[in-house]
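Take a look at the letters that make up each chain.
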Amino acid sequence: MTSPRTVPETTSKRNLFGLSRPQLGQFFADLGEKPFRASQVIQWIHRHGVTRFDDMTNLGKGLRERLKETACITPPKVLTRQHSQDGTRKWLIQVGPENQGIETVYIPTKNRGTLCVSSQVGCALDCQFCSTAQLGFSRNLGSDEIIAQLWLAWKELGLNVADFHGKKAISNIVLMGMGEPLLNLDNVISAVSIMQDDLAYGLAKKRITLSTAGHVPGIYRLRELSDISLAVSLHAPNDQIRNQIMPINRKYPVEELLDACQAFISGQKQRHVTFEYVMLDGINDSDECAHELVKRLSGMASKVNLIPFNPFPGTRFKCSPEHRIQSFQRILMSRNIMTMTRRTRGDDIDAACGQLVGKHTGRRNHRHVRTAPEATVL
Ligand code: SAH
């Protein structure tokens, strides 16, 4: 006999989907089970993509029944899929009511597959050249919603992590989607621990990059909590320009930001910071800016990624002309700063740096391109 319920049965069940190995260990300890159950279940979920306890064949029948009563494995759903002719893909993932979503982009190249992951719904930082900023901030993503982007991407590619040894279809993660990851650091770190877990995705630290608009206390905290790589959206060599285009600079000016970057890599030989620099016509793209940037970065182990500005409706900015970008790059390279310019990808689908807006509707007028995080030298 079934009793009448006003809430779905699953709401009282613990969702194991986004739990890290220690968190799963605690869950099983509370059930009176041995810790190795956490190792088994995390492999089922993240290496094999399994969400039904009945498919977890190395768990006894009794335990499977108990799990079905008390827990569930429920990832979020994909709302829309877009597939570029060049292999770039974009998914809109439902994380809220109706048409609210976050966007995740997969960019395959010859040597790697990079997944661009979102950390918040919207963004609070109001960078002037970014259309995500126009949405304002809605909320932080949970660690389950962050790791779900990787889990769903593997599924959507029709692949299992378990089938890959060495070279992986998704080999790199960049936390460069919607949101400021350092303002949601605890959840980002929990998700990153699953990305790095050998029983889950087993990604090496240098293959995971967190990009920040320059939240200085967050950079120091990240250094304490994790060993992943750091990218900083610098976009200007001085406070005068940076204040105009990135309001966060008024709180954490360039000098403090660069001190934090230096501290992030200090004492760790192989480490460097990647600086992103969006090329805005007539704003930050002069030879003088390039020379000033060289001075600012002198003595720091760094790389620079020049990003051609991706325009969006209503923006007052224009992308720098090609010869400007080349001149800027030449100046940096001539002073031994390794500098790349991101290659344009996926111009036939709705995805681009700074243009992720996570809306199910109203996007048809957008015409823009994506630039690949892994970059090519001009
Ligand atoms: N909040 C983080 C990560 C998200 S943005 C950060 O600021 O780093 C990812 C990158 O895209 C950042 O370097 C950002 O400055 C850049 N970006 C934003 N809008 C852009 C646009 N319209 N064209 C090109 N790059 C853009």
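As a reminder, the structure under discussion sits directly above these lines.
On a predicted model such as this, the values are computed, not experimentally measured, just so you know.

Novice: I'm lost on helix 7 (residues 216–225) in this one. Help?
Specialist: One full turn of an α-helix is made of 3.6 residues, so residues set three or four places apart face in the same direction. Three or more residues of helix 7 are buried, namely Val 216, Gly 218, Ile 219 and Leu 222. Taken down its axis, helix 7 places every buried residue within 155° of arc, on the same side. Packed against the buried residues of helix 7 are helix 6 (185–196), strand 10 (208–212), strand 11 (229–233) and helix 10 (254–265).

Novice: Would you explain the environment of Gly 87 in this entry?
Specialist: With respect to the secondary-structure elements, Gly 87 resides in the loop between strand 3 (78–83) and strand 4 (89–94). Along the primary structure Gly 87 and Tyr 106 are separated by 19 residues, whereas in three dimensions their C-alpha atoms are 8.3 Å apart. For Gly 87, the contacting residues outside a window of four places in its chain are Tyr 106, Pro 108 and Arg 345.

Novice: I tried to follow helix 1 (residues 21–30) on my own but got confused; where do I start?
Specialist: Listed as buried for helix 1 are Leu 24, Gly 25, Phe 27 and Phe 28. Summarising the axial view, the buried residues of helix 1 lie within an arc of 160°, below the 170-degree limit, and thus occupy one face. Among the exposed residues of helix 1, those oriented more than 90 degrees off its buried face are Pro 22 and Asp 30. Buried residues along helix 1 sit in contact with strand 1 (14–15), helix 2 (36–47), helix 3 (61–70) and strand 2 (71–72). Immediately beyond the C-terminal end of helix 1, within one or two residues, lies Gly 32, with a positive phi of roughly 80°.

Novice: Is there a simple way to think about the packing of aromatic side chains in this case?
Specialist: Any aromatic ring pair is given by two values, namely how distant the centres are and how the planes are angled relative to each other. If you walk through the whole model with that rule in mind, you get six aromatic pairs. An angle of 90° between the planes, with centres 5.3 Å apart, marks the rings of Phe 17 and Trp 151 as edge-to-face. Of this pair, Phe 17 sits in the loop between strand 1 and helix 1 while Trp 151 sits in helix 5 (residues 143–156); the two residues are 134 residues apart in sequence, bridging distant segments of the chain. In terms of burial, Phe 17 and Trp 151 fall into one category: buried. Ring pairing ties together the aromatic residues Phe 309, Phe 312 and Phe 317, which thus form one cluster.

Novice: What should I look at first to understand the site of the ligand in this one?
Specialist: Among the 20 residues in the neighbourhood of the ligand, the closest are listed as Phe 129, Ser 211, Ser 233, His 235 and Asn 310. Note that an oxygen atom of the ligand is positioned 2.6 Å from one of the side-chain N or O atoms of Ser 211. Considered on its own, the ligand offers 530 Å² of accessible surface; in the complex 96% of this is hidden by protein. Sorting the residues of the shell around the ligand by element identifies strand 10, strand 12 (273–279) and strand 13 (302–308) as the ones contributing at least two each. When grouped by side-chain class, the residues that make up the shell around the ligand number 10 nonpolar, eight polar and two charged.

Novice: Looking at this structure, how should I read unusual backbone geometry?
Specialist: Trans peptide bonds make up the majority, and among non-glycine residues the majority have a negative phi. Here the phi dihedral of His 235 falls at roughly 65°; this positive angle occurs in a residue that is not glycine. Among the structural elements, His 235 can be located in the loop between strand 11 and helix 8 (239–245). One non-glycine residue, Asn 336, adopts positive backbone phi at about 65°. Summarising the element assignment, Asn 336 is placed in the loop between helix 12 (322–334) and strand 14 (338–341). With a relative accessible area of 73%, Asn 336 lands in the exposed category.

Novice: Please explain the packing of helix 7 against helix 10 as it appears in this structure.
Specialist: Packed helices, taken two at a time, are described by the angle between their axes plus the distance between the axes. Across the interface, helix 7 lies against helix 10 with an axial gap of 9 Å and an inter-helix angle of 5°. In this view, helix 7 runs roughly parallel relative to helix 10, as classed from their interaxial angle. Across the interface between the two elements, Val 216, Ile 219, Tyr 220, Leu 222 and Arg 223 from helix 7 touch Glu 256, Leu 257, Asp 259, Ala 260, Ala 263 and Phe 264 from helix 10. Partitioning the contact of helix 7 with helix 10 into residue classes produces eight nonpolar, no polar and three charged.

Novice: What's the story with a positive patch on the surface in this structure? I'm lost.
Specialist: On the surface, Arg 112, Lys 206, Arg 207 and Lys 303 cluster together into a patch of positive charge. As for its position among the elements, Arg 207 is in the loop between helix 6 and strand 10. Relative accessible area serves as the criterion here: at 33%, Arg 207 is assigned to the partly exposed category.

Novice: So what exactly am I meant to see when it comes to the nonpolar core here?
Specialist: Here is a general trend for soluble globular proteins: nonpolar side chains tend to be buried in one another's company. By size, the foremost hydrophobic cluster in this structure holds 108 residues, and its most contacted members are Phe 129, Leu 150, Tyr 201 and Phe 275. Among the elements that line this core, the one with the most residues is helix 5, at eight residues. Beyond its immediate chain neighbours, meaning those up to four positions away, Leu 150 contacts Leu 115, Ile 170, Ile 173, Met 195, Tyr 201 and Leu 203.

Novice: What should I look at first to understand the pattern of salt bridges in this one?
Specialist: Counted according to the given criterion, the structure contains 15 salt bridges. For Glu 156, the salt bridge is made with Arg 81, and the minimal N-O distance between the two is 2.6 Å. Of this pair, Glu 156 sits in helix 5 while Arg 81 is found in strand 3, placing the two residues 75 residues apart along the sequence. A relative accessible area of 21% places Glu 156 in the partly exposed class. Owing to a relative accessible area of 52%, Arg 81 belongs among the exposed residues under this scheme.

Rules used in this analysis
Starting from 1, residues in each chain are numbered consecutively following that chain's sequence as written. Owing to the predicted nature of the model, reporting of local features is limited to residues with pLDDT of at least 70; listing and counting of side-chain atom pairs is limited to 80 or more, with chain, interface and lining totals taken over all residues. Excluded from the side-chain calculation are hydrogens and water; included are all heavy atoms of the structure. Only protein chains enter the accessibility calculation, which uses a 1.4 Å probe. A residue is then buried if its area is under 20% of the maximum for its type, exposed if over 50%, and partly exposed in between. Here a strand is any run of E in DSSP of at least two residues, a helix any run of H or I of at least four, and the numbering for each starts at the N terminus. An arc is given here, and it is the one of the directions from the helix axis to the C-beta atoms. Residues count as neighbours in contact if any of their non-hydrogen atoms are within 4.5 Å of one another. Classification of ring pairs rests on two measures: the distance between centres of Phe, Tyr or Trp rings, Trp counted by its six-membered ring, which must be within 6.5 Å, and the angle between planes, read as stacked under 30 degrees, edge-to-face over 60 and tilted in between. Residues are labelled near a given molecule or strand when at least one of their non-hydrogen atoms is within 4 Å of it. Pairs of N or O atoms within 3.5 Å make up the polar contacts considered here, provided that, within protein, one atom can donate a hydrogen while the other can accept it, and that residues adjacent in sequence are counted only when both atoms are side-chain atoms. Methods summary: accessible areas were calculated by the Shrake-Rupley approach with a probe of 1.4 Å, and residue burial reflects only the protein chains presented. Polar here means any residue outside two lists: the nonpolar Ala, Val, Leu, Ile, Met, Phe, Trp, Tyr, Cys and Pro, and the charged Asp, Glu, Lys and Arg; Gly therefore counts as polar. Only C-alpha atoms enter the line fits that serve as axes; for helices the fit covers just the stretch in contact. Angles between N-to-C directions range over 0 to 180 degrees. In these notes the angle categories are as follows: under 35 degrees is roughly parallel, over 145 is roughly antiparallel, 65 to 115 is roughly perpendicular, and the rest is oblique. Here the term patch refers to residues with relative accessible area over 30% and no salt bridge, with like charges joined within 9 Å and nonpolar side chains (Val, Leu, Ile, Met, Phe, Trp, Tyr) within 5 Å. Salt bridges are identified by distance alone: a Lys or Arg side-chain nitrogen within 4 Å of an Asp or Glu carboxyl oxygen. Positive: Lys, Arg. Negative: Asp, Glu. His and the chain ends are not part of the count. Taken as the charge centre is NZ of Lys, CZ of Arg, CG of Asp or CD of Glu, depending on the residue. Working definition of a nonpolar core: buried Ala, Val, Leu, Ile, Met, Phe, Trp, Tyr and Cys residues. They are joined through side-chain atoms within 4.5 Å.

What is shown is where atoms sit, not what they do.
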